[in-house]
Amino acid sequence: MARNNQERRWSVPSKRAKGYADDRKAKVHTYGPNEGKELTEYQLGMRSGYLQCQSDHAGLFKYKKALDEGKTKAEAKRISRQKGKK
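Bear in mind the structure is a predicted one, so any value in this text is a computation, not a measurement.

1. A closer look at the overall build of the protein chain
Counting its regular elements, the protein chain contains three helices and zero strands. Along the protein chain, from the amino end to the carboxyl end, the secondary structure elements read α-α-α. Residues classed as buried in the protein chain amount to 24% of the 86 residues present. When contacts within the protein chain are restricted to residue pairs at least 6 apart in sequence, long-range pairs at least 24 apart make up 45% of them.

2. Points about unusual backbone geometry
The phi torsion at lysine 27 lies on the positive side, around 60 degrees, for a residue other than glycine. Within the secondary structure, lysine 27 is located in the loop between helix 1 (15–26) and helix 2 (41–68).

3. Side note on the packing of aromatic side chains
With the rule as written, the count across this model stands at one aromatic pair. Ring geometry for tyrosine 20 and tyrosine 50: centres 5.2 Å apart, planes at 75 degrees, overall edge-to-face. Of the two residues, tyrosine 20 is situated in helix 1 and tyrosine 50 in helix 2; the sequence distance between them amounts to 30 residues. Judged by relative accessible area, tyrosine 20 falls into the buried class, the value being 17%. Assessed through its relative accessible area of 22%, tyrosine 50 is described here as partly exposed. When the ring centre of tyrosine 20 is taken as origin, the NZ or CZ atom of arginine 47, which lies over that ring, is 4.7 Å away.

4. Digging into the packing of helix 2 against helix 3 (residues 73–80)
One way to put it is that helix 2 packs onto helix 3 with a least axis distance of 8 Å and a crossing angle of 145 degrees. Here the hand of the crossing between helix 2 and helix 3 comes out right-handed. Seen from helix 2, the contacting residues are Gly59, Lys62, Tyr63, Ala66 and Leu67; seen from helix 3, they are Lys73, Ala76, Lys77, Ile79 and Ser80. For the contact of helix 2 with helix 3, the class distribution of residues is five nonpolar, two polar and three charged.

Conventions we followed
Residues numbered from 1 in each chain as written. Predicted model: local features only at pLDDT ≥ 70, side-chain atom pairs only at ≥ 80, totals over all residues. Heavy atoms only, no water. Helix = DSSP H or I, 4+ residues; strand = E, 2+ residues; numbered from the N terminus. Buried < 20%, exposed > 50% of the residue type's maximum accessible area, 1.4 Å probe, protein only. Contact = heavy atoms within 4.5 Å. Phe/Tyr/Trp six-rings, centres within 6.5 Å; stacked < 30°, edge-to-face > 60°. Lys NZ or Arg CZ within 6 Å of the ring centre and 35° of its normal. Axes fitted to C-alpha atoms, helices over the stretch in contact; angles between N-to-C directions. Left-handed = near helix turned anticlockwise from the far one by under 90°. Nonpolar A, V, L, I, M, F, W, Y, C, P; charged D, E, K, R; others polar.

This is the structure we're talking about:
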């Protein structure tokens, strides 16, 4: 399935998630006592997993909210994958 720019992939709902996203892009620690040190494969994986979890939670919240509003499952799925607030 092709993904366009309006569909959710990553969500940045908190300071930790923003920091993790910055770390992943730079591939080094961008804050804290290890600032400037390269991230290990394990640390990169942990950050990816955390960010994916945040995105999943945001999508599930929007899906359940849409169902509660009386939307169909197909409409709720579409809404849950949209970026931004709705």
